[in-house]
Amino acid sequence: YTRKARQAVQIYHADLDVNSVERLSLINDLKKAISCGQLEVFYQPKINLQSNEVTHVEALVRWQHPKLGMVPPDNFIYIAEQTGQINALTQWVFSTALAQYKSWCALGITLNIAVNISAENLKDPDFYAFVCQALTSYQVPAEKITLEVTESAVVDDPEAAIALLSKFKGQGMRISIDDYGTGYSSLAQLKQLPVHELKIDKSFVQKLKDDEDDQIIVRSTIELAHNMGLSVVAEGIEDDYAKCWLAEHKCELGQGYFISRPKPALELTSWLQEQKI
Ligand code: C2E
Ligand code: CA
Ligand code: CA
Ligand code: CA
C-alpha cells in the first residue's frame, strides 16, 4: 500500500462502522434501484488536446435515491461490488451507453463511449458473452467502445484479467488503464497488459499548475506510455494551465471540469451541438 491508499482504506472502514445502518438500507435499496429506473448515466466528454474536438465520452452512473437524493457512485459502487450486484449494474450501464451511442449517431454525432469495468466484472463468466451480444443487438462497432479498467482490478488475478482483456481487444474494443499511478502494478505487468491507453489519475493533474512533483510524474508517465506505444488521457483538468501544459507535452486526450462536468445525455447533446462537432 502507498500512504494514500492506506489512508483511503482507513477512512473507508471508519465510514462502514459509523454508517452501518445507513449502509444496510443502501444495500436493500440498490436492489430496487436498477429495476425501478433510479439509475441514470451521465456522460463526460474527452477532447483531443491538439484539435479541441470532442472524440470520446465516459459513461458515469448516477443514483437518484427517492429519499437521499443523488448518491454519488463512490458511495454505492463498492456496495454493488460486495453484494454481487455489480454485474447487473455494469450490464445496465453498458446497454444504456450503447442505446445512447445510437441516439447520437442518428443526430450525426459519432463518439467513442467509455464504460467503467470492475474487478468483479472481469471474474464474471457471462460478461464476455453479454458484451458481444449487446454490441450485436445494438449494432455498435466494437471500435467505438472503450473499457476503463483500474490497475487494482487487474492485480487481483492478472492471468485471468489479461486473458479476458485480450479477447475484448481482439474484438476491436479499446482498453484503458484507469486511475493510472494510484495502484501498484509493476512495469513488468503493464508490459503484459493488452491495453491501448493509460488514463492518468486526476490526483496528478488537478494541481499541475503549482506542483512540480506532479509535473515530473505526468511528464514521465506520458513518455513511458508513448515509448510503450500507448496513448494517454489526462483526467481532472480543472484549469486552462493544465489543459495547455498537457497539450504541449503531447498528451492525446483530456477530460475534466474545465472542459465539461459529466452531464445527463440530453444536456450533453446540446453542449456538443454548441461546440459544433
Ligand atoms: P473514475 O472512473 O476515475 O471517474 C472520474 C471521476 O472524476 C468522476 O467522478 C468524474 O465526475 C470526476 N471528475 C471528472 N473531471 C473532474 C475534475 O476536473 N475534477 C474533479 N475533482 N473530478 C473530476 P464520479 O462520476 O463521481 O465517479 C466516481 C467513480 O465511481 C469513478 O471514478 C468510477 O471509479 C466509479 N464509477 C462511476 N460510474 C461507474 C460505473 O458505471 N461502473 C463502475 N464500475 N464504476 C463507476
Ligand atoms: Ca473511469
Ligand atoms: Ca479515473
Ligand atoms: Ca477513480
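Check the entry above for the structure.
So, how was this worked out
For every chain, the first residue of its written sequence is number 1, and the numbers climb from 1 along that sequence. Chains carry letters and ligands carry numbers; both start at the beginning, A for chains and 1 for ligands, and go up in the order they are written. Selection of residues for local features in this predicted model requires a pLDDT of at least 70, selection of side-chain atom pairs for listing and counting requires 80 or more, and totals for whole chains, interfaces and linings are taken over all residues. Values reported for side chains reflect all heavy atoms of the structure, with hydrogen atoms and water molecules removed beforehand. For the purposes of this entry, the term helix denotes a DSSP run of H or I that reaches at least four residues, the term strand denotes a run of E that reaches at least two, and both are numbered from the N terminus. For this analysis, residues touch if any pair of their heavy atoms sits within 4.5 Å. Put simply, a salt bridge is a Lys or Arg side-chain nitrogen that is within 4 Å of an Asp or Glu carboxyl oxygen. A simple rule labels every residue: compare its accessible area, found with a 1.4 Å probe on the protein chains alone, to the largest value its type can have, and call it buried under 20%, exposed over 50%, or partly exposed in between. The rule for donors is simple: N, O or S, within 2.8 Å of the metal, or within 3.2 Å if the metal is Na, K or Ca. Water isn't counted, so a site may look like it is missing partners. Pairing of N or O atoms within 3.5 Å defines a polar contact, subject to two protein rules: one partner must be a possible hydrogen donor and the other a possible acceptor, and residues neighboring in sequence count only if both atoms are side-chain atoms.

*Asks:* Quick question: what am I supposed to make of the environment of Tyr180 here?
*Replies:* Here Tyr180 lies in strand β6 (residues 174–180). Separated by 18 residues in the primary sequence, Tyr180 and Leu198 have C-alpha atoms spaced 6.3 Å apart. Look past the residues within four positions of Tyr180 in its chain and what remains in contact with it is Glu151, Leu187, Leu190, Leu198, Lys199, Ile200, Asp201, Phe204, Thr221 and Leu224.

*Asks:* Please clarify how the pattern of salt bridges should be interpreted in this entry.
*Replies:* Once their charged atoms are close, side chains differing in charge can pair, the charge on each being opposite to the other. Counted under the stated rule, the structure contains 8 salt bridges. Asp29 is the partner of Lys32 in a salt bridge, and the nearest nitrogen-oxygen pair spans 3.8 Å. Highlighted residues: Lys32 and Asp29, both in helix α2 (residues 20–35), separated by 3 residues, approximately one helical turn. Overall, Lys32 belongs to the partly exposed group, its relative accessible area being 47%. The salt bridge partner of Glu58 is Lys199, with a shortest N-O separation of 2.8 Å. One end of the pair, Glu58, is in strand β2 (residues 54–65); the other, Lys199, is in strand β7 (residues 197–200), and 141 residues separate them in sequence. Via salt bridges that share partners, Lys46, Glu58, Glu148, Lys199 and Glu235 belong to a single interconnected network.

*Asks:* For this particular structure, what's the right way to read the coordination of the calcium ion (ligand 4)?
*Replies:* Under perfect tetrahedral coordination by four donors, a metal shows angles of 109.5 degrees; under perfect octahedral coordination by six donors, it shows angles of 90 or 180 degrees. Bound to the calcium ion (ligand 4) on the protein side are Asp179 (OD) and Asp179 (OD), at distances that span 2.9 to 3.1 Å. Looking at where Asp179 falls in the secondary structure, it is placed in strand β6.

*Asks:* Even after reading the chapter, I still don't get the environment of Thr221, so can you show me in this structure?
*Replies:* Topologically, Thr221 is positioned in helix α11 (residues 212–227). On the basis of relative accessible area, Thr221 is assigned to the buried category, the value being 10%. Along the primary structure Thr221 and Gln171 are separated by 50 residues, whereas in three dimensions their C-alpha atoms are 27 Å apart. When near neighbours in sequence (up to four residues on either side) are disregarded, Thr221 contacts Tyr180, Leu198 and Ile200. Engagement of the side chain of Thr221 in a polar contact is seen with the backbone oxygen of Ile217, the distance being 2.7 Å.

Spatial relationships are all this shows, so hold off on functional conclusions.
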